[in-house]
Amino acid sequence: MENIRTRLKFGNKPQDVKLRKRKSQLYSKEDESPNHGELRSRVVGFAVVFRLINCFLVQTSFVPDEYWQSLEVSHRMVFNYGYVTWEWKEGIRGFTYPLLFAFIYKILYFIDYDSVHLLIWLPRIIQALFAAFADVRFFFLIRTLESRDVAKWTFFCHMCSWFSWYCCTRTLTNSMETTITCLALSYFPLPGSKTHNSKMYLTLVALAVVVRPTALIVWFPLVMYHFWLEDNKLRLITQSLIPIGALAVVISTVIDCIFYEKWTVVQFNFLKFNVLHSVADFYGSHPWHWYITQGFAVVIGPHLPLFLHGCSIAFKKYKVLLAAVVWTITVYSLLPHKEFRFIYPVLPFCMIFCGISLVNLKAWRRTAAVALLVSNLAAALYTGLIHQRGPLDVMSHLQTRCNVSGPSSPPLPDVLFLMPCHSTPYYSHVHCPMKMRFLECPPDLGEKGYVDEADRFYRDPLRWLRTSFPYKSSIPTMLVLFDVLEKVRYLQIIFSHVFFKKWCNIYVNLCFLL
């Protein structure tokens, strides 16, 4: 009491109040870590170098969409020649993603540096840098959610994933969707997150949906979880969800209307063709359980045991992420057309469980990490350097025919691709207006008795050849086909046919076998 009276007396010199120092549990992780700026520099440097190496060590083809839904469209937009697939004629693809590469191509064109190597590699490098940025954000997200050890091992699992290596630097809408999803996750209100920003993550989600409308599948349960947590739900709807969603739709629609030169709402057309009319089924279908029995196991790869173990440990804390994974796989399982890349956006979610699993292995941690690295490295190098590299190699060979110049140089070749449609890239990988033709295979859009060109060829090759090339002057000078088809019966008939023999002997300078 005396102390209190003394302090309340006016005119007395106030005494210094000493506070007891207590170590904050909230910031203890940061206190134990080295300088934050130095750590960020090291992580950024590592991620950029790693993804650039990743970019240049992926020299194979994955799916046609990495060219036909991006680079081929961009090339045609800037250089006014090329080929666009039926989707761009029906208005089910958006121009927002190809516009990024078209902008790069336009700059190269203006400064007269539009070499084919830059046209091929610069978009890949840009994609790699985006992926590196997402990697850095992912690392620092986990660092705010978990201990330094968990963040380190989660980042390790994320970076050594063979499927991420295989896909993240490709010019696929799925790759950009995954990159944006990873960025949006860093602003999402996960339990314990200190970087939560509703407007930022919703803006990124809207951008992901503009790039690829199916991103809505991944984010639907997460947005619903946020809505359930939010105290002021009306403010979230009126000040974030509606304005950001409406602005994204308006901007993307304006871009699409400009380039389609007509009123086009791509998101509606995408839903109508792929879901309501099941046009995607034309390109193959799988049983409902394919993602459960094959697809997910291949995408997550050697991480699968760690993922299952991590789910048993961190189920309660990260149940919303696990729910998003299960929801995404379930929804895609209901659609007949299935591909590995469709579930790629949930792979970063899975890596959190893998990192937690590795930390909890303790004595076996190093052994498991080495096994994980070696197994993923083998898959990454094989798929990146060997598997399906023929389509790119053949385009590189064809491109050399464009470099021949001079008064006595031969004319540009006339190329016929006798293989399944869209098996190779096209003008974006040769960058010269040589005449090329392939067997087209647009889906049946309601035409009675419709049979695509590829099926007509395989049913009766000789008839198709006679019909397509009635005169010697129309015969191509080069053929491109898979080497396995050389042994197929109907191709043996073609090669033994008098008309085609004359064609091969006189007009075909090269029959390049993939």
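These numbers come from a predicted model, not from an experiment. (Residues numbered from 1 in each chain as written. Predicted model: local features only at pLDDT ≥ 70, side-chain atom pairs only at ≥ 80, totals over all residues. Heavy atoms only, no water.)

Once that is clear, we can look at the overall build of the protein chain. Secondary structure assignment for the protein chain yields 24 helices and four strands. Relative to all contacts within the protein chain whose residues are 6 or more apart in sequence, the contacts with residues 24 or more apart total 77%. If you sum the accessible surface of the protein chain, you get close to 26000 Å²; carbon and sulfur atoms cover 64% of it. (Helix = DSSP H or I, 4+ residues; strand = E, 2+ residues; numbered from the N terminus. Contact = heavy atoms within 4.5 Å. Areas by Shrake-Rupley, 256 points an atom, 1.4 Å probe, with all protein chains shown as cover.)

Here the protein chain averages 85 in pLDDT, while 84% of its residues score no lower than 70. The least confident element of the protein chain is strand 4 (residues 510–513), whose mean pLDDT is 40; the most confident is helix 9 (residues 162–167), at 97. Low pLDDT (under 50) marks residues 23–33, which in the prediction has 11 contacts with non-local residues, meaning those over four places away or in another chain. Contacts of residues 498–514 to residues separated by more than four positions or lying in other chains number 50 contacts, the stretch itself having pLDDT below 50. (pLDDT = per-residue confidence, 0-100.)

The next thing to look at is the state of the cysteines. The tally for this structure, following the rule as stated, stands at two disulfides. Each disulfide pairs two cysteine sulfurs, and for C402 the partner residue is C432, the sulfurs being separated by 1.8 Å. Of this pair, C402 sits in the loop between helix 20 (390–400) and strand 1 (414–417) while C432 sits in the loop between strand 1 and strand 2 (435–438); the two residues are 30 residues apart in sequence, bridging distant segments of the chain. With respect to burial, C402 and C432 carry one shared label: buried. (Disulfide = S-S within 2.5 Å. Buried < 20%, exposed > 50% of the residue type's maximum accessible area, 1.4 Å probe, protein only.)

Another point: the packing of aromatic side chains. Evaluated as defined, the whole model comprises 44 aromatic pairs. Counting every residue linked through ring pairs, the aromatic cluster contains W68, Y81, Y83, F417, Y426, Y427 and F438. The ring of F140 has R40 sitting right over it, with the charged end atom 4.2 Å from the ring centre. In this arrangement the basic side chain of R170 is found over the ring face of Y166, its NZ or CZ atom lying 4.4 Å from the centre. (Phe/Tyr/Trp six-rings, centres within 6.5 Å; stacked < 30°, edge-to-face > 60°. Lys NZ or Arg CZ within 6 Å of the ring centre and 35° of its normal.)

A probe matching the size of a water molecule, rolled over the atoms, marks out where space remains unfilled. Looking at the second largest pocket, its volume works out to about 560 Å³. Taken together, 22 residues line the second largest pocket, and the ones lying closest to its centre are F46, K152, F155, F156 and M159. Every element with two or more residues in the lining of the second largest pocket is listed here: helix 3 (36–56), helix 7 (116–145), helix 8 (148–159), helix 9 and helix 19 (365–385). The leading source of residues in the lining of the second largest pocket is helix 8, at six residues. When grouped by side-chain class, the residues that make up the lining of the second largest pocket number 15 nonpolar, two polar and five charged. (1 Å grid on protein atoms, 1.4 Å probe; cavity = no way out; pocket = protein on both sides within 12 Å on 5 of 7 lines; lining within 4 Å. Points joined across faces, edges and corners; volume = space filled by probe spheres on them. Nonpolar A, V, L, I, M, F, W, Y, C, P; charged D, E, K, R; others polar.)

All right, on to the nonpolar core then. One finds W219, F307, L321, F349, F417 and M436 to be the most contacted residues of the largest nonpolar core, which totals 138 residues. Per-element tally for this core: the top contributor is helix 7, with 11 residues. With residues up to four places along the chain from it excluded, the contact list for W219 reads T181, A184, L185, F188, Y201 and V205. V84, W88, Y260 and V266 belong to the second largest nonpolar core, which has seven residues in total. (Core = buried A, V, L, I, M, F, W, Y, C linked by side-chain atoms within 4.5 Å.)

Another point: the pairing of strand 1. Covered by surrounding structure in strand 1 are D414 and L416 together with V415 and F417, the residues of both alternating faces. The pairing of strand 1 with strand 2 spans four bridges and is parallel. Paired with F417 across the bridge in strand 2 is F438. Pairing geometry for strand 1 and strand 3 (residues 478–481), over three bridges, is parallel. When the sheet's bridge partners are listed, F417 is paired in strand 3 with V480. (Pairing = 2+ DSSP bridges.)

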